[in-house]
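Geometric and topological summary
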Amino acid sequence: MLGGLAVAAAAVSAPLPRVRVPERYPFHLGVASGEPGSTTVVLWTRLARDPLAPDGHGGMPDTDVAVEWQVSATGSFAALSASGVEVARHADAHSVHVVARGLRPDAEYFYRFRALGEVSAVARTRTAPAPGTLGPPLAMAFVSCANWESGYYTAYRRLAEEQPDLILHLGDYIYENAPVPGAVRRHEGDEAITLADYRRRYAQYKTDPDLQMAHLIAPWVVVPDDHEVEDNYAGLARADDYPHLTAGQFRARRAMAYQAYYENMPLRPANAAHGAGMALYRRIRWGRLATFHMLDTRQFRDDQVCGDLIEVCPDADQPGRTITGAAQERWLLDGLAQHLGVWDLLGQQVFFAGQRSAAGAGNMDDWEGYRAARDRLQRGWVDRHVRNPVVLTGDVHQAWANDLKADYADPDSAAIGAELVCTSISTGGDGTGSTLVPDAAVNPHLRFFSDRRGYVRTRITADRIQADFRAVDQISRPGAPVRPVGSFVLEPDHPGLITA
Ligand code: FE
Ligand code: CA
């Protein structure tokens, strides 16, 4: 291992730097990187001396603050690869989103910040391979759903210990809900409604040392799901569980939630929220090896039909229904047509494969409630000769591995791709350990299930993807080990899953 990595490993296994004057230390929310390109990466921090200050501003002054940043090929920072000064604006809750440029492709880097006379932790990041090159095997892991109250973030810690090259977060980074009785951990405040509420919720989550460690080890590529705004919201339709907001009030709430999401994520300035909107669907290219098509299935979707729950619902077959919006659907199909890399991976939020109970009921909040949209996309990638596309999914708080089929009602229909569903980091609590696929008899294409907390670890080469489901025994107490619960192999010219 490089000397620099040892420094980063020491930095992540030790507590964050304890400072002489704790109330002046502005890096209680940690640091992060994201959006790796072949010569660029985004560096993030948000200054807060008192993370849970009631006004959401983290105990910071109502002035802007200068933040120095440094990038180096070594953890000693003996020579700098890039550096500069960015302004942490009060209007953005003193967050900074630096695009570090001029880096070498396929390289490991270290970065840190300095502000108000204090220095942040040192973190590790990396760039993607040069365009047109395969690069070495890619260790990518993906996660979702980290409800603070549900338990400890042991799965984030175990993930960091595996030192992946890249982490995808597929949504529910925070939960806006009010506290529930009997929770393992109590969060501060009621249901998040105002900008200050959302800022404080992110601040509380980001004080967690296990979450900070997962950001310290690798760049993240993030997309939000519903709980970054409100459970099961659809476009500008407020969800059924919070009906007393007017449409205008919900629009304002979504705008504040998107603003807080941007402030707290390692996104590019181009992803900043504008009014109630946010430009989030995008491609992350990993040389010629892989293209990550990151989707936004919340902002532009039609409202759920038959409510948000598991229903028998013929209206879900309406041909015009969309979960991505027309523009994003076109963008996705255009991108898939270009065969930009060996692997096309779709990083997105909600369960994609057909999934119905014996009585014919499906989840109206996932692609089962938008069947025409799923059919258009699947037909689109078959028509464009995409080799074994892989859909990466969060949301359901269970691990699944699925073959994707042109016709889910026909067991003899050929596989046309695969879906890997990560379980939650914490949402849902310890789980039972069950690995029995629900409704397996009527869904033979659903091939793996686990209800433990954890993540999916992949190793991606031009010949295959090895996908390992990893789980911790419990999160009601800290410190559980991680163990393998299932593995699959994917090959470019063998659509669907291969049992490892
Ligand atoms: Fe969730
Ligand atoms: Ca969700």
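Residues numbered from 1 in each chain as written. Chains lettered and ligands numbered in written order. Predicted model: local features only at pLDDT ≥ 70, side-chain atom pairs only at ≥ 80, totals over all residues. Heavy atoms only, no water.

This part takes up the packing of helix α2 (residues 154-161) against helix α4 (residues 209-217). Close contact between α2 and α4 brings their axes to 8 Å; oriented N to C, the two are set at 25°. With respect to each other, α2 and α4 are oriented roughly parallel. Considering only the axes of α2 and α4, their crossing is left-handed. Of α4, the residues touching α2 (which contributes T154, Y156, R157, A160 and E161) are P209, D210, L211, M213, A214 and I217. Taken together, the residues of the contact of α2 with α4 break down into 7 nonpolar, 1 polar and 3 charged. (Axes fitted to C-alpha atoms, helices over the stretch in contact; angles between N-to-C directions. Helix = DSSP H or I, 4+ residues; strand = E, 2+ residues; numbered from the N terminus. Parallel < 35°, antiparallel > 145°, perpendicular 65-115°, else oblique. Left-handed = near helix turned anticlockwise from the far one by under 90°. Contact = heavy atoms within 4.5 Å. Nonpolar A, V, L, I, M, F, W, Y, C, P; charged D, E, K, R; others polar.)

Right, let's talk about the coordination of the iron ion (ligand 1) for a bit. Coordination sphere of the iron ion (ligand 1), protein contribution only: C145 (SG), D172 (OD), Y175 (OH) and H397 (NE2), at 2.0 to 2.4 Å. One can describe the donor arrangement at the iron ion (ligand 1) as irregular, given that its 4 donor atoms subtend angles of 88 to 162° at the metal. For the iron ion (ligand 1), all donor residues lie on one chain, and their spacing in sequence is C-x26-D-x2-Y-x221-H. A separation of 3.8 Å is found between the iron ion (ligand 1) and the calcium ion (ligand 2), both of which receive a donor from D172. Here C145, found in the loop between β9 (138-143) and α2, pairs with Y175, found in the loop between β10 (166-169) and α3 (195-206); they are 30 residues apart in sequence, far enough to count as distant. Pair check on accessibility: C145 and Y175 agree, each one buried. (Donors = N, O, S within 2.8 Å, 3.2 Å for Na, K, Ca; no water. Tetrahedral: all angles 85-135°; square planar, octahedral: opposite > 155°, others 65-115°. Buried < 20%, exposed > 50% of the residue type's maximum accessible area, 1.4 Å probe, protein only.)

What follows concerns the packing of α3 against helix α5 (residues 247-264). Across the interface, α3 lies against α5 with an axial gap of 9 Å and an inter-helix angle of 30°. By the angle between their axes, α3 is roughly parallel relative to α5. Crossing of α3 against α5: the hand is right-handed. Contacts between α3 and α5 involve L195, Y198, R199, Y202 and K206 from the first element and R253, M256, A257, Q259, A260, Y261, E263 and N264 from the second. When grouped by side-chain class, the residues that make up the contact of α3 with α5 number 7 nonpolar, 2 polar and 4 charged.

When its domains are assigned, the protein resolves into domain 1 (1-127) and domain 2 (130-499). The partner domain 2 presents 38 residues to the 42 residues of domain 1 that form the contact. Summed over both sides, the interface of domain 1 with domain 2 buries roughly 3,400 Å², with 57% coming from carbon and sulfur. One salt bridge connects R126 with D165, and the closest N-O pair in it is separated by 3.8 Å. (Domains from an automatic or database assignment. Buried area = accessible area lost by both parts, 1.4 Å probe. Salt bridge = Lys/Arg side-chain N within 4 Å of Asp/Glu carboxyl O.)

Quick look at the state of the cysteines now. Going through the model one piece at a time under the given rule, you end up with 1 disulfide. With a sulfur-sulfur separation of 2.0 Å, C306 is cross-linked through a disulfide to C313. Disulfide C306 to C313: torsion about the S-S bond roughly 70°, handedness right-handed. For C313, a relative accessible area of 2% corresponds to the buried category. (Disulfide = S-S within 2.5 Å.)

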